[in-house]
Structure formats: structure tokens, C-alpha cells
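Fold and geometry: a report
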Number of protein chains: 2
Amino acid sequence: MTVIAETTQNIREYMTTLGRKARSAGRAMARAETAAKDRALAAMADAVDAQAARLAEENARDVAAGRERGLDAALLDRLELTPERVSAMADGLREIAALPDPVGAIDDLRSRPSGIHVGRMRVPLGVIGIIYESRPNVTADAAGLCLKSGNAAILRGGSEALHSNRAIAECIRAGLDTAGLPMDAVQVVDTTDREAVGHLITMTENVDVIVPRGGKGLIERISRDASVPVIKHLDGVCHVYIDDAADPEKAIAVAFNAKTHRYGTCNTMETLLVADSAAEGILPPLAERFRLAGVELRGCPRSRRLVPTMSVATDDDWGTEYLGPVLAVRVVQDLDAAMEHINTWSSGHTESIVTQDWSRAQRFLREVDSSSVMVNASTRFADGFEYGLGAEIGISTDKLHARGPVGLEGLTSQKWIVLGDGHVRG
Amino acid sequence: MTVIAETTQNIREYMTTLGRKARSAGRAMARAETAAKDRALAAMADAVDAQAARLAEENARDVAAGRERGLDAALLDRLELTPERVSAMADGLREIAALPDPVGAIDDLRSRPSGIHVGRMRVPLGVIGIIYESRPNVTADAAGLCLKSGNAAILRGGSEALHSNRAIAECIRAGLDTAGLPMDAVQVVDTTDREAVGHLITMTENVDVIVPRGGKGLIERISRDASVPVIKHLDGVCHVYIDDAADPEKAIAVAFNAKTHRYGTCNTMETLLVADSAAEGILPPLAERFRLAGVELRGCPRSRRLVPTMSVATDDDWGTEYLGPVLAVRVVQDLDAAMEHINTWSSGHTESIVTQDWSRAQRFLREVDSSSVMVNASTRFADGFEYGLGAEIGISTDKLHARGPVGLEGLTSQKWIVLGDGHVRG
């Protein structure tokens, strides 16, 4: 690894060099055969397993420094590489090796009246910059996904995890080397200077896309300042709408699962909408289940008449991603009012309707403009593994390119190919 | 149409209002049935035909004003709406009506082990801002494509075409009204104030994507300043590489067509690369054909030894889009040297190899990173109509989202849909 650059000038040069090396390695990765990429991933996994003791040691340095700096318990927990997490990291790399290679697939090859054949071939994006916070396992996951999809990666982790990330990156680079692939296909930004990020997100010449993973503040800052395109995930203010034609048992099961299966995830329901005519039958028993689970309910006036123990919801609640045991509840007139609420307040992540009514289910599916739209299913299903992508680099709330869970395919694009035999345009 | 806003404050308010109306109309367009959209397109075409005299009148005002302002002949030609062009505009709208509706198509619906069914549904992007220069027919083409794909459009044409654009937009809005669709699904920015563009490309709340159509200067300016994502087309520095295993007749036909079929288009060849061992047989006869067609050749030293009438090519020539009867010529060692040249100098638009060698054709197809990559075919085929898209809103040299010719599908994205029956995550 390069010695840490110390001055502004040095940082710029350091990042430019990183970018050039990544571009060149990316070209080699784009040509790499599936077998070589899979060999590299297997060798990386073996290196992670073999180096488990060393990873623990380097991680302990980060954790000790973090504790000294007064990082809070949640952050320290995310930072820690337990033996289970190291082993999960190795298994994750093996799972990526087992996924089908998206590169080179040709779709829709058709003959045209001019005699040419036209189709689209899936190709890597090139160089992907990943900017993430404290979880060191992202280093392996993100690198693995970038490599399998034929890209080079520049990884910039949190400064609090620098020793861990360096050690993991060494395993990854060793794996590349074993398979005869360029080690520079994965580079870790080896400086904690914040200026490095500023360069990374504006090096349009040598970086094709940025994937930030972390809190909303990080992602907003990067999106604002980046000139390289960003695949981003902002809030997950997800809704479940219980229609008046809902099966009450399914409604209660779906809503309860969507809120309580895990509180801290982006696909957790944050606002429950209930059709007026269904509210009286469903809200009181559902509220009782939430009460027993320790979930605080904040309701509109109509909800509070049915469940007086709810506290008062304000407009702020409709736009909040609680990421905890709190739920906003609103009774709405009908499907149109529910979609109007969602249009106004949703972050475009995931929404679900519970209904037995065919027409309303169809309208909800077509008209709600979120990255995942569901019928009679918990919002918690919005996930790359649940969707069958195998692994995900993130969940996009953007509309262009990748939407929702982003797997290997989201790290590729399609170019047009034309096959002729001396054809000219007349 | 609204009265032209005169102050900075007014322009901001005017654009914000336009954006809000577009967002609301876009929601209605997303739900619109195919039949209604097709009825609207047919009614627009009829209105254009019926209003041909009025369009000619309004256009004459623009042309007269342009002539007074001293616009050059090429610009005046692009500005003019001849009867043929008006009629072609109406036919174009009818052709868009005949294209299949991309919205609502569901791909890859699959059942997952959890019991849910997961697929992807094609949906409109929302609101599309089109910024273009002097050709008024873009108003109808772009509006038609945006509408058919279920989007709302905000059109900002060149100030020199304002009267023409207004008159065309009235035909379009009348067609929307006839079909019972919201007229605000197409709005023309009715001010020539340049600040309006600044607002349009930063209104992330109400504009989902910007498509600039025009010269490189316009596109670079917009890409630099936009916070809304831009689908952009920069240079077309396209290459043909004649491999040493090329069939000489096909090589000469393809290269000649790629250069001379039309000089001013972005998919015209600008640099010819020839394998060293093929150069002696192919370059002299090909140069003779170019000489007869009036094409100036600028060559590397080796080319000039074979064809001494060539002028000298410098590094500047390798990066230039001539858009005229000039061609840069370079003899390269082999396929690798050709791809190295392309990697260094191409704008990523379109490249073609002429070869009978299977392995080299395959390598070229896989390894060249441009939006269109061809074997034994003229670069002039890189076009939405030739590819079977029916019509194109532009050609993208970006890597994310749409690449190459962008038709209706490029104006949509895919959201995930999940169909359950009370499924919860375990």
C-alpha cells in the first residue's frame, strides 16, 4: 500500500494515480474470463479465512482507537469483526463466485430489414467508487460484486476502520494475484484525509459511478458534490396501506411483520395507512399487538378515536424514517387518498397494499411510483437476497439506471452490437 | 400560453409553476391507457396537418427575424418549416402512435422460495425536460415520444424558433385535450430568458431527467450545471478498423459508406485505422475513391508513404469530430494497437471492425467500450430507426441508464413488483 499522502497537492496526485491504475485494471477485468474471476473470488475467500487471526488483530486496533475516541456503542458494534463476521465475509465471496456472470450476455439479437443483426451486450460499467462508513465487511462484499461484474473498484471506507479495511484489501488483492488478474482492480484509498473523497467523486475521467453506503448525511453530501453519477439510496419511508377489502388476518400479519421484523432497516414500514371503513375492525387488535411488542403508535385524530392510547402524529411524522419501534398511523378515505398520501410523503422506496380486491391491487401496482410496489406482502421483502439477486451492493431510490435492490446487473450496462457482412447504409 | 415573465423572481416562479403542473400531468399520463395516448397522437398529427398554413406563417416570422439578426444559412435552413417538413412532423407523430406502448410491461416474474412472486414493471420516468436548438420539428418529435412513454414534457427550444414552437405546441396540446388527457403534459417554456434553463436543470423535485439536443457547447454547459440527471450525447468520434484479415471489397465499401453517406451526422466515421499488413493493398484504392468524392485525407507517416497526397495528421486530428469531408487515417500494427488508439481517442459513440477473422471480431465486440460496436458494417447504422426503435429522442454516450440510440424504452425505467397473499418475512 502507498504511504499516506500528507498535503493537498499530494492527495490530488495520489487520487489521480489511483484513478489511472483503476481504469487500466478495469479494462483487464472487462476482458477477464468468468473462470478467472471465480478463481480470484475463491482465493480471496480462502485468504480471508487463513488471515482470520490477522484481521482480528488489525480490527482490534481500530476498535481500541474508536473506544478511545469515544465512538458510541452502536458504531463500535458495526466496526467489530467477530470470528462469525469474518467467516460470513469469506462465505459471501464464495456465494458471489457461484452467481452467474452477467458480462457478455447478449439480449434481443434481431435481424433488421437492412440485413444487419442488432442486439445488446451486457458490459461492465468500468470503475466503481464505493464510499462507506464503519462496517469493514463492506470492503469484501463490495469488492466481490465489482469484480464479478468485471469492474475495478476504488474503496473508501470510514477512517475508524482503516486498519481493518487495509487488511481485508490485502486478502482481496492476493486473491486477484493468485488468479492472474491485476491487483489494482481493487484499491483502498489509504488516507483518512477528507479531500480524497472530493477527488474521488469528481474524477469523471477515471471513475464511472459512485455507490455511497451509509447514513443519509453522507449520501446527501456526496450526491450534492459529485460530478460522477451516483447510485444512491436515501430514506426508506415505507408504507403499508390496508384497503377496506383487505383480509383482516393477512392485514394484521403483513403490517406487524413490516414494522417489527427488524426496526433499523430501510425496508421497514414507517407509516401505516388504513381505509376508513376497515379501521374499526383492524386498528384496535393491531394496536394491541404493537403495544405488546413495545411499538409506540402516533396517530391521526381518527386513529386516536379508535385507539386512544396513541400519541398525536404531526406532519413531521409522515416524513420520518424512525428506524426504531415507532409507527405513524393514518386513517384515509380510500385508495385514492392512500396513494395521495404516498405520493406526498413517500421516499419512493417500498409500498405495499393489503387487499382482496383485484382492481385496486392492479391500480396500486401501476400507479404507485416507488422502487418496489407490493400486494399482500411485507415491505421487508424488498431485498436483493429475497428478490433472487444473490447479493446487493445497495438499494437505489433513483429512477434512472438501477432502481430498488442493486445486484451484479446494476453494476453493468448494455452496449449495442451490430453484426454485418460488409453492410453499408443505402 | 402564459405571458412572458420579465424579472428574475418571476422567472423562478414561472418555472416552479411549470414544474408543478408537469408533475401533476405526469401522474395522469402514467395512468393513461394506450388507446388514449394513441388517440392523442393521432389528433396531434391531424392538428399539425390542419394548421399547416398557420405553422408556416409563425415560422416565417421566426425566419424573418433570424435573417434580420444575421443567422447563418445553415441555421436558417434548420429553422425553416417547409410544407414537406410539416407533413413529416405529422407522419412522425402517427408513427409514434403505431409503436408498442412500453409502459406496464412486466419482465422476469418469478416465484421465490419464500412464496412471493417478484418481477419488474416498466414505468415512465415522470417529467422530462428537453432543451434543444433551432429545429422546431423537435417540439413535435420529442413531445410525441415523451407522451407515448407516459411522461410529461417541458420543452425549451431555441429563442430563434419561439413562434414556431408555440404554434406546434398548441397543436400538441389540442391533441391531448381531444383525447381527454391533461394539456399540461406538454408545456413549452414561453420565455427566451436564459435563466429559465438554469431553473429547469436544477428542479430535481419536479423534473426527472434532462435530454439536451444540440451542439457540444450546449450539452457540456447543461451537463456541468445540471443537478437533474442528463441523458447526453457528446462527440461522435467514430472509428472503422480494417483488420489484416479483412475482405478488401467489404473494407472499402464499409469505410467509404461510413465517411461519405452523410458528413454532418454523429455516427459518421472520423478516423480510419488500417492494419499494417493490409494497408498497402487497401489504402491506395480507397484513397482514390475518397479523392473522387472530395474527401480530404490526413494521415500518419506510414499512410502518407502509401498515399503521398495525404496531408499530415497531428494528435489534434485523432480527437476531432470533423462533421465534414475530412478523414484522419492511421496505420496501426494490429488489433491491439487499434483498440489502444480507440481507447485513447474515441468518444465512446460507435466503432466498427472489418475482418473475416472470427476471434478478432469477437475480441473487438467484447473489448471495445463504445455505445455501439460493429463487425463488418458501416458506423452509419448507429441510429434508432436502423436499430428498430421506431424513433429516437437522442443518442447517449453515457454509460448509465440508456446507451446509444434512446427510444421509448430509454424514457422509462423498471420498478420491482412483489405479489403475495399475506406473505411475511420469517
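All values derive from a computational prediction rather than experimental measurement.

Regarding the overall build of chain A
Counting its secondary structure elements, chain A contains 16 helices and 16 strands. A compact globule built from 426 residues should have a C-alpha radius of gyration of about 22 Å, and chain A, at 24 Å, falls within 12% of that. For chain A, the spread of C-alpha atoms along the three principal axes comes to 70 × 65 × 40 Å. Scored against the burial criterion, the 426 residues of chain A give a buried share of 54%.

Notes on helix H3 (residues 52-68) of chain A
Residues and elements named next belong to chain A. Here H3 spans 24 Å end to end across 17 residues, near enough to the 24 Å set by a 1.5 Å rise per residue. Every buried residue belonging to H3 is among Leu55, Glu58, Asn59, Asp62 and Val63, and all of these are buried. Buried residues in H3, looked at end-on, bunch into an arc of 145°, giving them a common side. Pointing more than 90 degrees away from the buried face of H3 are the exposed residues Ala53, Arg54, Ala64, Arg67 and Glu68. Looking at the buried residues of H3, the elements they touch are helix H4 (73-79), helix H5 (83-98) and helix H7 (162-178).

Some points on the sheet that holds strand E9 (residues 296-299) of chain A
Pairing within the open sheet is mixed, and its 10 strands lie in the order E10(A)-E9(A)-E11(A)-E8(A)-E7(A)-E12(A)-E13(A)-E16(B)-E2(B)-E1(B). Looking along the sheet, the strands with just one partner apiece sit at the ends: strand E10 (311-312) of chain A together with strand E1 (106-111) of chain B. Where strand E12 (residues 350-354) of chain A and strand E13 (residues 372-377) of chain A come together, four bridges link them in parallel fashion. Among the inter-strand pairings, Ser352 of chain A is bridged to a residue of E13 of chain A, identified as Met374 of chain A. Across the face of the sheet, helix H11 (residues 276-292) of chain A comes into contact with strand E7 (238-242), strand E8 (269-275), E9 and strand E11 (326-332) of chain A while running at roughly 140° to E8 of chain A.

A word on the confidence of the model for chain A
Chain-level statistics for chain A give a pLDDT mean of 94 and a share of 98% at 70 or above. Confidence metrics for the complex model read pTM 0.90 and ipTM 0.91.

Some details on the sheet that holds strand E3 (residues 127-132) of chain A
All names here are of chain A. The strand order across the open sheet formed by four strands is E5-E4-E3-E6, and the pairing between neighbours is parallel. Unpaired on one side and paired on the other, strand E5 (186-188) and strand E6 (209-213) mark the two borders of the sheet. Ignoring which end each strand starts from, the neighbouring axes of this sheet average 20° apart. Both E3 and E6 contribute to a ladder of five bridges, which runs parallel. Across the sheet, residue Ile131 finds its bridge partner in E6, namely Pro212. Here helix H1 (residues 8-31) sits on the sheet in contact with E3, strand E4 (152-156) and E5, set at roughly 145° to E4.

Description of the relation of the copies chain B and chain A
Two chain copies, one operation linking them: a rotation about an axis together with a shift along it. The operation relating chain B to chain A is a screw motion whose rotation component is 180°, with 0.0 Å of axial translation and a residual RMSD of 0.0 Å. Here the copies are linked by what is in effect a two-fold axis. Looking at the rotation axis and the C-alpha trace of chain B, the residue lying nearest is His401 of chain B, at 1.9 Å. Of the residues that chain B buries at the interface, 100% are likewise interface residues in chain A, meaning the two copies contact each other through the same surface.

Examining the packing of helix H5 (residues 83-98) of chain B against helix H6 (residues 137-148) of chain B
All names here are of chain B. Direction vectors running N to C along H5 and H6 enclose 5°, while the axes themselves pass 10 Å from each other. Judged by the angle between their axes, H5 and H6 are roughly parallel. On H6, the residues touching Arg85, Met89, Gly92, Leu93 and Ile96 of H5 are Asn137, Ala140, Asp141, Gly144, Leu145 and Lys148.

What counts, and at which threshold
- Residues numbered from 1 in each chain as written.
- Chains lettered and ligands numbered in written order.
- Predicted model: local features only at pLDDT ≥ 70, side-chain atom pairs only at ≥ 80, totals over all residues.
- Helix = DSSP H or I, 4+ residues; strand = E, 2+ residues; numbered from the N terminus.
- Rg over C-alpha atoms; globule rule 2.2 N^0.38 Å.
- Buried ≥ 20, exposed ≤ 12 C-beta atoms within 10 Å, placed from the backbone.
- Expected span 1.5 Å × (residues − 1).
- Arc of directions from axis to C-beta.
- Contact = placed C-beta atoms within 7 Å.
- Pairing = 2+ DSSP bridges.
- Axes fitted to C-alpha atoms, helices over the stretch in contact; angles between N-to-C directions.
- pLDDT = per-residue confidence, 0-100.
- Least-squares fit on C-alpha atoms with pLDDT ≥ 70 in both.
- Parallel < 35°, antiparallel > 145°, perpendicular 65-115°, else oblique.

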